[in-house]
Amino acid sequence: LGGLWAVSGGSGARVEGVGGALGVEHLEFRRKVEATREELLRFRTEEAIRRGERALNLDSLGMHDLPSFVTDAELIDDLSIRDNFLTNAVFEGLERMGGLRALCLSLNFLTGLLPDNLGELRLLQELELDDNQITELPGSMAQLSDLQVVTLRGNRLMELAPVCVSAWPRLRHLEVRDNKRKALPLDIGTFCSGLERVLLAGNEIEEIPSCLGTCRGLVEIDGTRNSLRGIPTDLAACARVRELRPG
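These numbers were taken from a predicted model, which means no experiment stands behind them.

Structural notes on the overall build of the protein chain
At step 1: Scanning the protein chain from N- to C-terminus turns up five helices and eleven strands.
At step 2: The long-range fraction of contacts in the protein chain, counting pairs at least 24 apart against all pairs at least 6 apart in sequence, stands at 37%.
At step 3: With an accessible surface of roughly 12800 Å², the protein chain has 52% of that area assigned to carbon and sulfur atoms.

The following block contains the structure:
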């Protein structure tokens, strides 16, 4: 019996050993993947700096966080990090990149209310946050007075805070398609008189603010897939509108 137990125990030990070996191999493989990814990130960042480039593209690299050698790159003012695994914590590093003028964080894992430190990127002119799970923008975004392009397509945004919109006088392009919005700030046209494109499709909006009629540079309004009751007559003053899709 002792011999049989030893054989059984030995066999079990061998099976466990195989599983353990496979586990070790898997961990080693993951370490190599992570090391390769970091080498690629470092290479792209250092090359951009060496060439004096201001734009850095780190899309689709499977990143879960942003390395310090990226956030410490002072010359970079255009950063694209779309299609990764980044969460709201990424803004803890991004707030050190105060010189950013363009930032793309689309197709990541941003959720709920975005952190206040987004407001530290005060030179931002273009901000792309499409295809996340954002429900609310922080009031600190009122500090981003240079914003010209804001895209938030495919989120769960229910409100665009008037305190933010009123602080974006240079806004030209606003996209909030496929969210859960029920309305736009009624005075959006007053504060953002330079608007050229307002893309609202796929929400629950019932009314387009009449004050958009003051945006004489307006060329496109997409209100399809909403619950619009009509089009304000004030929009007749926008002679440059080429596309007006009410629904």
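Text resumes after the structure shown.
Side note on the side chain of asparagine 84
At step 1: Summarising the element assignment, asparagine 84 is placed in the loop between strand 2 (78-80) and helix 3 (90-94).
At step 2: Engagement of the side chain of asparagine 84 in a polar contact is seen with the backbone nitrogen of methionine 63, the distance being 3.0 Å.
At step 3: Leave out the neighbours within four places in its chain, and asparagine 84 touches Leu58, Asp59, Ser60, Leu61, Gly62, Met63, Leu107, Asn108 and Phe109.

Some details on the packing of aromatic side chains
At step 1: All told, the structure shown has one aromatic pair when counted by the stated rule.
At step 2: Considering the side-chain rings of phenylalanine 85 and phenylalanine 109, the 5.7 Å spacing of their centres and the 15° angle between planes classify their relative orientation as stacked. Taken together, the residues span a long stretch of sequence, with phenylalanine 85 in the loop between strand 2 and helix 3 and phenylalanine 109 in the loop between strand 3 (102-104) and strand 4 (111-113) at a distance of 24 residues.
At step 3: Since its relative accessible area comes to 40%, phenylalanine 85 is described here as partly exposed.

Topic: the side chain of glutamine 148
At step 1: With respect to the helices and strands, glutamine 148 occurs in the loop between strand 6 (133-136) and strand 7 (149-151).
At step 2: Glutamine 148 has contacts with Gln125, Arg170, Leu171, Arg172 and His173, leaving out every residue within four places of it along the chain.

Observations concerning the pattern of salt bridges
At step 1: Applying the stated criterion to the full structure yields 15 salt bridges.
At step 2: One salt bridge connects aspartate 130 with arginine 153, and the closest N-O pair in it is separated by 3.5 Å. With aspartate 130 in the loop between strand 5 (126-128) and strand 6 and arginine 153 in the loop between strand 7 and helix 4 (162-165), this residue pair connects regions lying 23 residues apart in the sequence.
At step 3: Between arginine 229 and glutamate 206 there is a salt bridge, with the nearest N and O atoms lying 2.7 Å from each other. Here glutamate 206 lies in the loop between strand 9 (197-199) and strand 10 (220-222) and arginine 229 lies in the loop between strand 10 and strand 11 (243-245), a separation of 23 residues in the sequence.
At step 4: For glutamate 206, a relative accessible area of 39% translates into the label partly exposed.
At step 5: A network of salt bridges, in which partner residues are shared, links Asp130, Asp131, Arg153, Glu175 and Arg177.

Let's talk about the environment of arginine 229
At step 1: Residue classification places arginine 229 among the exposed residues on the basis of a relative accessible area of 62%.
At step 2: In this structure the C-alpha to C-alpha distance between arginine 229 and isoleucine 205, which are 24 residues apart in sequence, comes to 9.1 Å.
At step 3: When residues no more than four places from it in sequence are discounted, the contact partners of arginine 229 are Glu206 and Glu207.
At step 4: In this structure the side chain of arginine 229 is engaged in a polar contact, spanning 2.7 Å, whose partner is the side chain of glutamate 206.

Things to note about the confidence of the model for the protein chain
At step 1: For the protein chain, the mean per-residue pLDDT works out to 87, and 87% of the residues sit at or above 70.
At step 2: Here residues 1-15 is modelled with pLDDT under 50, and outside its nearest four sequence neighbours on either side it reaches one contact, counting other chains as well.

Comments concerning the nonpolar core
At step 1: Leu79, Ile81, Leu94, Leu103, Leu105, Trp168 and Leu195 are the most contacted members of the largest nonpolar core, which has 59 residues in total.
At step 2: Among the secondary structure elements, those contributing two or more residues to this core are helix 1 (2-50), helix 2 (68-71), helix 3 and helix 4.
At step 3: Residue contributions to this core peak at three residues, all from helix 3.
At step 4: The residues contacting leucine 195, other than those within four sequence positions of it, are Leu171, Arg172, His173, Leu174, Ile188, Leu212, Cys215, Gly217 and Leu218.

Let's talk about the environment of alanine 201
At step 1: Within the secondary structure, alanine 201 sits in the loop between strand 9 and strand 10.
At step 2: Distance in space between the C-alpha atoms of alanine 201 and arginine 225 is 5.4 Å, their sequence separation being 24 residues.
At step 3: With residues near it in sequence (within four places) discarded, alanine 201 still touches Val176, Arg177, Asp178, Asp222, Thr224, Arg225 and Asn226.

Notes on a negative patch on the surface
At step 1: Together, Glu92, Glu95, Asp116 and Glu120 give the surface a local cluster of negative charge.
At step 2: With respect to the element layout, glutamate 95 can be found in the loop between helix 3 and strand 3.
At step 3: Classification of glutamate 95 by relative accessible area gives partly exposed; the value is 33%.

So, how was this worked out
Residues numbered from 1 in each chain as written. Predicted model: local features only at pLDDT ≥ 70, side-chain atom pairs only at ≥ 80, totals over all residues. Heavy atoms only, no water. Helix = DSSP H or I, 4+ residues; strand = E, 2+ residues; numbered from the N terminus. Contact = heavy atoms within 4.5 Å. Areas by Shrake-Rupley, 256 points an atom, 1.4 Å probe, with all protein chains shown as cover. Polar contact = N/O pair within 3.5 Å; in protein donor to acceptor, adjacent residues only side chain to side chain. Phe/Tyr/Trp six-rings, centres within 6.5 Å; stacked < 30°, edge-to-face > 60°. Buried < 20%, exposed > 50% of the residue type's maximum accessible area, 1.4 Å probe, protein only. Salt bridge = Lys/Arg side-chain N within 4 Å of Asp/Glu carboxyl O. pLDDT = per-residue confidence, 0-100. Core = buried A, V, L, I, M, F, W, Y, C linked by side-chain atoms within 4.5 Å. Patch = residues over 30% accessible without salt bridge, like charges linked within 9 Å, V, L, I, M, F, W, Y side chains within 5 Å. Lys, Arg positive; Asp, Glu negative; His and termini not counted. Charge placed at Lys NZ, Arg CZ, Asp CG, Glu CD.

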